[in-house]
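Chain by chain, the residues run as shown.
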Amino acid sequence: MACGLNMMTPICLVENDNEQLSVNEEALQILNEISQPVVTVAIVGLYRTGKSYLMNHLAGQNKGFPLGSTVQSKTKGIWMWCVPHPTKSDHTLVLLDTEGLGDVEKGNPKNDSWIFALAVLLSSMLVYNSMSTINHQALEQLHYVVELTELIRAKSSPTPEEVEDSTEFVSFFPDFVWTVRDFTLELKLNGLSITEDQYLENALKLIPGVNPKVKNSKVPRECIRHFFPKSKNFVFDRPTKEKELLAHIEDILESQLDPKFQEQSNNFCHYIFTHARPKTLREGVTVTGNRLASLVMTYVDTINKGAVPCLENAVTSLAQLENSAAVQKAANHYTEQMSQRVTFPTDTLQELFDLYTACEREAIAVFMENSFKDDQRKFQKKLMEIIKNEKESFLQQNEEASVKYCQTTLDRLSMALMESISEGDFSVPGGHKHYRDAKKNEQHYWQVPQKGVKAKEVFQQFLESQITIEKSILQADKAFTQGEKAIAVEQAKKEAAEKEQEWLRQNHQEQQLQMEAQNRSLQENMVQLREKLESQRDDILREQTRILEHKMKIQEDLLNEEFKKKSDEMNAEINQLRSFIETTKKNKNSCVAQALDTLAMEATAILSVPAKLVGKCLQFLSSLFD
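Residues numbered from 1 in each chain as written. Predicted model: local features only at pLDDT ≥ 70, side-chain atom pairs only at ≥ 80, totals over all residues. Heavy atoms only, no water.

Draft legend 1. Spatial organisation of the sheet that holds strand 6 (residues 125–131). Spatially, eight strands are ordered 2-1-4-5-3-6-7-10 in an open sheet, and the strand pairing comes out mixed. Each having just a single partner strand, strand 2 (20–23) and strand 10 (231–235) make up the two edges of the open sheet. Within this sheet the neighbouring strands show an average axis-to-axis angle of 20°, counted without direction. As defined by bridge partners, strand 1 (residues 11–17) adjoins strand 2 across four bridges and the pair is classed as antiparallel. (Pairing = 2+ DSSP bridges. Helix = DSSP H or I, 4+ residues; strand = E, 2+ residues; numbered from the N terminus. Axes fitted to C-alpha atoms, helices over the stretch in contact; angles between N-to-C directions.)

Here's what the structure looks like:
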């Protein structure tokens, strides 16, 4: 677990005090320290059915979540236990134990519905715990799943008239596990042995009839089949036949438990550990501990305001927070890596720009890994702007270091020359020749290593500072005729002009290098954005294909159960899914290309890339899809 976090005991995550939900700040702090993906398992069910025992077993402990031996519900609100995942070393297992549903001491049953809805929204696997058998009564008690259509929204905007919002639940709902405790029946159907999953499948079949009891149990069946991607069933014998031991099950030795119950419990845990997926949002967005904390806050705040939690709104709010943090994390990475790798002054500008490119590539990768739903590229462009400013800062530091070093070097090498000038050593006949000979010692300047990018410019400034001095020495030198003095002046001007032209050429080359570096920056942003967009597109196609297969399986089952009308009613949502998948496949490159084209045009203003290079960049963009 991130930061070495390992909770020894559970903590209340969502408090339910006087039917008012609130989030425990201490629990949020724990989640915010978890940067790993989380596998979130929540358990719900009627009170006093042994939910907490199963969750403690998943945590590998006998004690933790409070167990009760009386008719009163022990767990209030939603309790959380974060433990290292036993089979996924880079994941954290988050166990959520909810207060018992249907507690007679509660005043408002609506509170139960919100607890159930939160468990669904927060988990990647939902365990529903009940007693004895799956029958009409058990299904009627699961009316909470029916109420989800009124308590959860998939989208903030209305869906097409022929398709209900709840048809999208399967794209983000957890897998469903029904655990039946104190099961005493034989797993047989029509005289043949069946598996636990076949028992659940048979229990969820729709039964024809207009009997009110049949109709009431039909709706939960449909909801479970339609809303949850996968369903699984486990049945458990009684833990022990001794009532006294059962009342204090957390204190008894494992050897005192019924062997069959031990086997069933171990099978249940093994399934959870191997099949519970990391919590994801739509379009494959992985939920980490800190993201889970944000979701909890958003959902509970929405409920307390009297509104219905909406996944789309929650994801949008989460994306704003996460993308801002991703920009900062990437910018920090860039600055830290540049600071560690660069030594001022660099020998050449290209050396500095090569570091720019390497560190920027890593920073963009950090941003891409930690950001999502940046549809307008607002945050990517923000990162580009920050990195551009950082580059300018490093460039300035590099130039200042070069100027300082070169000036110090020239001051040291020209010390004797400047002293001779001050003492008038060259104000004698033949002094100009002696001055020119003395000035040749400055050629040692070019033999000094690591002068940096301002070496020529600083030397040019030194030469310019000597022009007036040399002219004065020349005019005072009586060994020269006026004609010779004029020739010497012209020679000095010519040498100075040649040096200036050389410096101007270098300056032009540096400008070209800067433009090329800006172009590389834009190309790197586009390459990594393209990879991310294509990955997202593939995730969406896989998700929608999985949903389509799920719905077609339900439609097939309805036909087999002779519910043709209900099967036909699914045609609209199935056709809509097929159309979406076909359109996405058909336009798989054009949508990505359009996004990259927009980024290229908007980013040129940020990077100050000339129009000529924009054209080259767009040619590069086009080549990505050849």
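Structure's up, so let's keep going.
Draft legend 2. Here's a closer look at the packing of helix 12 (residues 349–370) against helix 13 (residues 378–413). Between helix 12 and helix 13, the least distance of the axes is 11 Å, while the angle of their chain directions is 155°. The orientation of helix 12 relative to helix 13 falls into the category roughly antiparallel. Remark: the crossing between helix 12 and helix 13 carries right-handed chirality. Residues Leu349, Leu352, Tyr356, Glu360, Ala363, Ile364, Phe367 and Met368 of helix 12 lie in contact with helix 13, whose contacting residues are Phe379, Gln380, Leu383, Ile387, Lys391, Glu392, Phe394, Leu395 and Asn398. (Parallel < 35°, antiparallel > 145°, perpendicular 65-115°, else oblique. Left-handed = near helix turned anticlockwise from the far one by under 90°. Contact = heavy atoms within 4.5 Å.)

Draft legend 3. View of the pairing of strand 1. Within strand 1, five of the seven residues are buried, which leaves it mostly tucked inside the rest of the structure. Here strand 1 hands over to strand 2 after two residues, with Asn18 in that stretch at a positive phi of 55°. (Buried < 20%, exposed > 50% of the residue type's maximum accessible area, 1.4 Å probe, protein only.)

Draft legend 4. Molecular detail of the pattern of salt bridges. Overall, the coordinates contain 20 salt bridges when judged by the stated rule. Glu561 is the salt-bridge partner of Arg225, the closest N and O atoms lying 3.2 Å from each other. Remark: Glu561 occurs in the loop between helix 17 (482–560) and helix 18 (564–569) and Arg225 occurs in helix 7 (residues 212–227); sequence separation between them is 336 residues. By relative accessible area, Arg225 is classed as buried at 14%. By relative accessible area, Glu561 is classed as buried at 16%. (Salt bridge = Lys/Arg side-chain N within 4 Å of Asp/Glu carboxyl O.)

Draft legend 5. Up close: unusual backbone geometry. Following Phe344, the chain continues into Pro345 via a peptide bond in cis, with omega recorded as -10°. Considering the arrangement of structural elements, one finds Pro345 in the loop between helix 11 (311–341) and helix 12. For Lys373, which is not glycine, the phi dihedral falls at a positive 55°. Summarising the element assignment, Lys373 is placed in the loop between helix 12 and helix 13. For Lys373, a relative accessible area of 31% translates into the label partly exposed. Phi is positive for Arg377, which is not a glycine, with a value near 60°. As for its position among the elements, Arg377 is in the loop between helix 12 and helix 13.

Draft legend 6. Expanded view of the pairing of strand 6. Most of strand 6 sits inside the fold, with six of its seven residues counted as buried. Where strand 3 (residues 38–45) meets strand 6, five bridges bridge the pair, whose relative direction is parallel. Looking at strand 6, one finds that Ile43 is bridged to Val127. In this sheet, strand 7 (residues 175–181) lies alongside strand 6 in parallel orientation, the contact comprising seven bridges. Bridging across to strand 7, Met131 finds its partner in Arg181.

Draft legend 7. Local environment of the nonpolar core. In terms of nonpolar packing, the biggest core is built from 100 residues, with Val41, Met80, Phe116, Trp178 and Phe268 touching the most fellow members. No other element matches helix 3 (residues 110–122), which puts nine residues into this core. In this view, Val41 contacts Met55, Leu58, Leu93, Val94, Leu95, Leu96, Met125, Val127, Ile272 and Ala276; residues no more than four positions away in its chain are not counted. In this structure, Cys359, Ile364, Leu522 and Ala595 belong to the second largest nonpolar core, which totals 38 residues. (Core = buried A, V, L, I, M, F, W, Y, C linked by side-chain atoms within 4.5 Å.)

Draft legend 8. Structural view of the packing of aromatic side chains. Evaluated as defined, the whole model comprises 23 aromatic pairs. On the numbers, 5.9 Å between centres and 25° between planes, the contact of Phe116 with Tyr144 is stacked. Of this pair, Phe116 sits in helix 3 while Tyr144 is found in helix 5 (residues 143–151), placing the two residues 28 residues apart along the sequence. Comparing Phe116 with Tyr144 shows no difference in burial state: the two are buried. Each ring, one from Tyr128 and one from Trp178, has its centre 5.2 Å from the other, and the planes form 85°; the classification is edge-to-face. A residue pair is termed long-range when its members are at least 10 positions apart, and Tyr128 in strand 6 and Trp178 in strand 7 qualify at 50 residues. Trp178 carries the same exposure label as Tyr128, and that label is buried. Among the aromatic residues, ring-to-ring pairing joins Tyr128, Phe169, Phe172, Phe173, Phe176, Trp178, Phe227 and Phe228 into one connected group. One cation-aromatic arrangement involves Lys451 over Tyr445; the distance from NZ or CZ to the ring centre is 5.4 Å. (Phe/Tyr/Trp six-rings, centres within 6.5 Å; stacked < 30°, edge-to-face > 60°. Lys NZ or Arg CZ within 6 Å of the ring centre and 35° of its normal.)

Don't take any of this as a statement about function, it's just geometry.
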